[in-house]
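Listed here are the chains, written in short residue letters.
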Amino acid sequence: AQTNALKIATIPGDGIGREVVPEGMRVLEAVGRKFDIAFQFDEVDWSCETYKQTGRMMPEDGLERFKKHDAVFLGAVGWPDVPDHVSLWGLLIPIRRTFHQYVNLRPCRLLRGTTSPLAGRTADDIDFYVVRENVEGEYSEAGGRLYRGMDDEIAIQEAIFTRRGVDRVLRYAFELAKTRKRGHVTSATKSNGIVHTMPFWDERFKAVKADYPDIETSQYHIDILCAHFVQHPDWFDVVVGSNLFGDILSDLGPAVAGSIGIAPSANINPEGDYPSMFEPVHGSAPDIAGQGIANPIGQIWSAAMMLDHLGHPEASAAVIEAMETVIADPASRTKDMGGKANTAECGEAIAQVLAG
Ligand code: NAI
Ligand code: MG
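Residues numbered from 1 in each chain as written. Chains lettered and ligands numbered in written order. Predicted model: local features only at pLDDT ≥ 70, side-chain atom pairs only at ≥ 80, totals over all residues.

In the annotation of an unreviewed UniProt entry, the chain is listed under the name D-malate dehydrogenase [decarboxylating] and assigned to Fulvimarina pelagi HTCC2506. A UniProt comment under Sequence similarities (unreviewed entry) is attached to the chain, and it reads "Belongs to the isocitrate and isopropylmalate dehydrogenases family." The UniProt entry for the chain carries the following text under Function (unreviewed entry): "Has multiple catalytic activities. Apart from catalyzing the oxidation of (+)-tartrate to oxaloglycolate, also converts meso-tartrate to D-glycerate and catalyzes the oxidative decarboxylation of D-malate to pyruvate." (UniProt positions renumbered as here; feature names shortened; annotations may be inferred.)

If you want it as structure tokens, here you go:
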């Protein structure tokens, strides 16, 4: 490997993760040749398979190994015979938290050549980002269970909102909006029903906003905001939410922009003190795993986000351009997009456009 190569920790994971990650790597190699970027892929087999053999999703010192890497490139983890909380808390959440990836970023953009499930919407109408707080908030281990199995059984789940944690994700959203044509930030809230953390979130939104006089803002309660995503996707540019609200919006947003198979995401440590992680939105898709028919676009678009994050915006744009060129041709699309191509054919076609 070249000494100046980008060091990428590669985790294919389970199911179709193992089928789409190689296509992502193929496209990275192709765009690397064009833009003179070298990659060193350090692949590990951390997965539910590993869990069944060793009792752990990854070795105890696993993350120590990748602390100095440039990025993590992940497929998907999860398999029906292992409880989902094991795969999530045994691998994904430790990576996000250990590497301080406090922003989860998902573009929601209708690609050329794809159709939205929303009637009459074109690529001009759907082009926004969901910025989700990724390490605190509602997804916390604080709380507990009492009187298990008895009539008086109690479950308590606490949400953790810190000023530092809230401000930095809000600030990330405003900084992102500054780079965009519209320059608009929408905040997802629910301060009418959740009376401690959400009014706090609203206060911090107002405080951070004061530092960005050129950015327009709006805020909606999460329930009506979901409705607006469907009825008025053109209203949005950058949408910021807590861990739970961001989780919901970051599935709904890509859904209005087409198939789950194409949606990418990034788990970002904005300061670059730790590697960021890039992965498709979809999971391991046990129902189609092993058939070679998974759509590799979500993985490949995640690779494009990784290139952008690592300081190669032209290479990133070239990947997206090649992706759009290929899926404009129905023959190169996978089955979920109404085509007949298999996973490798779709990936190869994109790599070829980049080579051409
Ligand atoms: P899923 O995203 O794996 O599948 C949902 C549906 O979308 C399935 O019908 C699947 O065939 C289809 N689909 C997904 N990706 C596709 C692609 N690239 N091409 C064509 N069709 C595609 O979600 P599901 O079924 O809820 O979860 C399966 C497993 O994946 C679970 O164990 C879950 O915990 C895990 N999971 C892992 C994630 C991650 O690693 N970040 C994210 C979501 C789920
Ligand atoms: Mg989700």
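Our focus in this paragraph is the site of ligand 1. Around ligand 1, the structure places 21 residues, and the nearest of them are Gly-78, Gly-261, His-282, Gly-283 and Asn-295. Among the residues making up the shell around ligand 1, the classes are represented as 10 nonpolar, 7 polar and 4 charged. (Near = placed C-beta within 6 Å. Nonpolar A, V, L, I, M, F, W, Y, C, P; charged D, E, K, R; others polar.)

Per the UniProt record, "domain: Isopropylmalate dehydrogenase-like" (unreviewed entry) is annotated on residues 7–350. In this annotation, residues 7–350 is assigned 39% helix and 19% strand; the end-to-end C-alpha distance for the span is 23 Å. (Helix = DSSP H or I, 4+ residues; strand = E, 2+ residues; numbered from the N terminus.)

The next point concerns the sheet that holds strand S3 (residues 71–76). An order of S2-S1-S3-S12-S11-S4-S5-S10-S8-S9 is seen for the 10 strands of this open sheet, with the pairing classed as mixed. Across the chains shown, the open sheet's two edge strands, defined by having one partner strand only, are strand S2 (39–43) and strand S9 (216–221). Going from strand to strand, the sheet's axes swing by 20 degrees on average, the running direction of each strand aside. Bridge count for strand S5 (residues 127–133) against strand S10 (residues 238–241) is 4 bridges, and the pairing is parallel. (Pairing = 2+ DSSP bridges. Axes fitted to C-alpha atoms, helices over the stretch in contact; angles between N-to-C directions.)

What follows covers the packing of helix H1 (residues 17–35) against helix H10 (residues 313–327). Axis separation between H1 and H10 bottoms out at 10 Å; the angle between their running directions is 130 degrees. Viewed along their axes, H1 and H10 adopt a mutual orientation that is oblique. With respect to the hand of their crossing, H1 and H10 are arranged in right-handed fashion. Judged by residue contacts, Val-27, Val-31, Lys-34 and Phe-35 of H1 engage Glu-314, Ala-315, Ala-318 and Val-319 from H10. For the contact of H1 with H10, the class distribution of residues is 6 nonpolar, no polar and 2 charged. (Parallel < 35°, antiparallel > 145°, perpendicular 65-115°, else oblique. Left-handed = near helix turned anticlockwise from the far one by under 90°. Contact = placed C-beta atoms within 7 Å.)

What follows deals with helix H4 (residues 84–98). With 15 residues, H4 should reach 21 Å at 1.5 Å per residue; the first-to-last C-alpha distance of 20 Å fits that figure. At Leu-92, H4 is bent by approximately 30 degrees, the largest bend along its length, and proline Pro-94 sits one to four residues beyond. Every buried residue of H4 is accounted for by Ser-87, Gly-90, Leu-91, Leu-92, Ile-95 and Arg-96. Of the surrounding elements, those touching the buried residues of H4 are helix H2 (48–54), helix H3 (62–66), S3, strand S11 (264–268) and strand S12 (276–280). Count one or two residues on from H4 and you reach His-100, which has phi positive near 45 degrees. (Expected span 1.5 Å × (residues − 1). Bend = angle between axes of the 7 residues up to and from the residue. Buried ≥ 20, exposed ≤ 12 C-beta atoms within 10 Å, placed from the backbone.)

With 13 residues, helix H11 (residues 343–355) extends 19 Å from end C-alpha to end C-alpha; this agrees with the ideal 18 Å at 1.5 Å per step. Every buried residue belonging to H11 is among Thr-343, Cys-346, Gly-347, Glu-348, Ile-350, Ala-351 and Leu-354, and all of these are buried. Residues of H11 that are buried in the fold lie against H1, helix H9 (297–309) and H10.

The next subject is the nonpolar core. Membership of the largest hydrophobic core comes to 100 residues, with the highest contact counts inside it found for Val-131, Ala-173, Val-319 and Met-323. Both of domain 1 (1–101 + 272–356) and domain 2 (116–257) provide at least three residues apiece to this core. The contacts of Val-131, once residues within four sequence positions are left out, are Val-103, Leu-105, Val-169, Tyr-172, Ala-173, Leu-176, Val-238, Val-239, Val-240 and Gly-246. (Core = buried A, V, L, I, M, F, W, Y, C linked by C-beta atoms within 7 Å. Domains from an automatic or database assignment.)

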